[in-house]
Amino acid sequence: DYDNRRDIDLLFLAANAQPVLFRNLRNTAFADVATEVGLDRTKAWSCAAAGDFNKDSYIDFFFGISGSRGMFAMSDGRGKFKLIDAPGGTENATAAQFLDYDNDGLLDLVVNTSKGFAVSRNLGSGWTEAANSIFKTAVNMTASTQILSADIDADGDVDLFSFDNNGSLRFLRNEGGNRNNVEVLRLLGRVSNKSGVSAKIDVRSGSLAQKLEIYSASPAPAPSHAIFGLGKRTKPDAIRVIWSSGIIQSEIDLPETTARLNAPFKIEELDRKPSSCPYLYTWNGERFEFVTDFLGGGEMGNWAGAGVYHLPDSDEYVRIGSDQLKPKNGRYEIRVTNELEEVLYLDHLKLLVIEHETGTEIYPNEGLGIPSAGRPMIYVTRDARPPRASTDMYHRNILPKIAKLDRVFYDSFESLPIRGYAKPHELIIDLGGNIDLLGEKTLLLLTGWTDYAFSSDNLSASQSGKSLRLPYLQVKDAQGRWTTAIDSIGIPIGRPQTVVVDLTGKFLGESREVRIVTNFKTFWDKIEVGVEDSIAGLKVTEIAPERADLHERGFSREALTNGMLTAEYETVVNDSRWKNFSGHFTRLGDVIPLLTQIDDSFVISKTGDEVALSFPALNPPPIGRKYTFLLYADGYSKEMDINSGSPDSVFPLPFKGMTQYPYKPSGSTSDRRFGILHEYTTRFVRGGPPNLNMIYAR
């Protein structure tokens, strides 16, 4: 990854030809950029090594040359290179690696030449002439074109394997490199590949900072272990891993390396979803309660096929129960936070207060992939009860898991190695009774959450011929055969969210069993069957916010219950867990003018931001009535999956009526939108991972 864009590029060397550097364009294509980045020499190239030896966080190269000393391609920290001569002693190199043989925290150069193995020590300000004083052997190995390196004897320094001129594998022990201390890391991927290949690792110990990457290539360009020399320091202060999945993971308060006797320090990848949607918290009379995440349909740029990206559905009604929102000093207090690795474009917010009978419940018609044509905005239900029975496709009883809202989920399906994908599975529900026979409208209420896939997951699935199928609902006909009655009932995209399925007129025989079939990983918590009630008795009050304040907050402590991630608002963590989009965000402070109407004038929020909202509270409802709240939100979000559209920068901004995203800029902007951008969008953020020094300071 020569340009730090989080994707893999390709470097080719051939004798008597200019290097070829193929930049990854992220659309299954590559472009040769060697000349424009400064790799424009033609030499008798013979080998290469890769590593960040000048500590600017970009990869540098060594190129061996037949008949001449080698050459460094030293990065300028901006994705280009300066070609300079390598030290003497590197003539006729046939194999090379950057590694820290003496554990002083600087990457040295090891080369195999016509005179044997030689090491050029990195002094920080320059290099020593390469000499064969470290990895000595009496065996002729001058023809070897491969070096394998790791702490093979577990004594705290880097050793070598290579081949002699007869093709036999030889061990070259490093004697004395362990006079200094070392940190050896072992990465264990969970979302990424199991060995952590292509992970980027940064280590800080006092004033010493280093960066290594995990490679899988032949000939190997670097050690197979992540080995960080510490000099006389006894442990790192902070370690940060950027996994190939995009997940950032930081480790502090590490044990001293001497106490572990050079045993590798294991870092297991967190199974952390980098993206979802903004979080919603409400004041419930005692504390701010996590309600759900929302605006999942507004996610832009998700990879759907070659050159095709998901087009967002930008608005949503979010249900807030009567016990979840209580007045505080005469106001309803709501918090919207951006706690994941995304940029949020919030256009409009308002609160609907629905007064209704206490024996009924209100649900919005929401969910991804739901049938919406001709359907009401909200459903009024009564007499909801659990089904008579429910089994999975293996005839196991799952009724205890879906009878009540307790975060014990239906999970009777087999997950595939690709995130968000499962093998096709069935859920059979026996609704029981005489439903749909008395002229009443029957509703199926399914409450749960979905572990859904991201762009890279969908790309991976497509390469193996897989695709996701939204849940479809079947009923039995008069002969007892399963027949599809609804092509898609949709999935919940909040954590949790209730999907309402209208079963009126769908049954084809006496059976009141339904079967739901999908390969989505949807975890149902509570399933009920109820009757639709009239909306005639509803009283709806629409309230605009009287306060909307944007500020930086941090991240709520995560809470995991049987796989479903929620958050605890009271505990704020500032652990710099996400990368940042590059660009201009909305300045902090009052943002009411940006939220009053749907007009593409956004509150543009970065990760760690919060919008604090206050709505004037209503008087308590009459006896026998209660409130259910719907937060209406319109907005978009965009995440940093490298296979998504425009995953690195805030711009281009979305707008109503766009037919694709990303789109080609037209150059035209309305006067109002231009004025909003000029006045409010003034907070510049530099993109990329957070500074490692800041992680340690926090």
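Residues numbered from 1 in each chain as written. Predicted model: local features only at pLDDT ≥ 70, side-chain atom pairs only at ≥ 80, totals over all residues. Heavy atoms only, no water.

1. What about the overall build of the protein chain?
Consideration 1: A count of helices and strands for the protein chain gives 5 helices and 50 strands.
Consideration 2: The principal-axis extent of the C-alpha atoms belonging to the protein chain is close to 95 × 60 × 50 Å.
Consideration 3: Across the 698 residues of the protein chain, 54% fall into the buried class.
Consideration 4: For the protein chain, contacts bridging at least 24 residues in sequence account for 67% of all contacts bridging at least 6.
Consideration 5: Accessible surface for the protein chain amounts to roughly 29,500 Å². Of this, 49% is attributable to carbon and sulfur atoms.
Consideration 6: If you average the places of the 77 positive and of the 91 negative side-chain charges in the protein chain, the two averages end up 1 Å apart. (Helix = DSSP H or I, 4+ residues; strand = E, 2+ residues; numbered from the N terminus. Buried < 20%, exposed > 50% of the residue type's maximum accessible area, 1.4 Å probe, protein only. Contact = heavy atoms within 4.5 Å. Areas by Shrake-Rupley, 256 points an atom, 1.4 Å probe, with all protein chains shown as cover. Lys, Arg positive; Asp, Glu negative; His and termini not counted. Charge placed at Lys NZ, Arg CZ, Asp CG, Glu CD.)

2. A word on the domain arrangement of the protein chain
Consideration 1: Domains assigned within the protein chain are domain 1 (10–177), domain 2 (181–268) and domain 3 (377–452 + 460–534).
Consideration 2: Distance between the C-alpha centres of domain 1 and domain 2: 21 Å.
Consideration 3: Contacts between domain 1 and domain 2 engage 27 residues on the former and 23 residues on the latter.
Consideration 4: When domain 1 packs against domain 2, the two sides together hide about 1,700 Å² of surface, and 52% of this comes from carbon and sulfur.
Consideration 5: At the boundary of domain 1 with domain 2, the tally comes to 0 salt bridges.
Consideration 6: In this assembly, domain 1 and domain 2 are joined by 6 residue pairs in polar contact (both at pLDDT 80 or more).
Consideration 7: Contributions of two or more residues to the side of domain 1 that touches domain 2 are made by β5 (43–51), β9 (95–99) and β12 (148–150). (Domains from an automatic or database assignment. Buried area = accessible area lost by both parts, 1.4 Å probe. Salt bridge = Lys/Arg side-chain N within 4 Å of Asp/Glu carboxyl O. Polar contact = N/O pair within 3.5 Å; in protein donor to acceptor, adjacent residues only side chain to side chain.)

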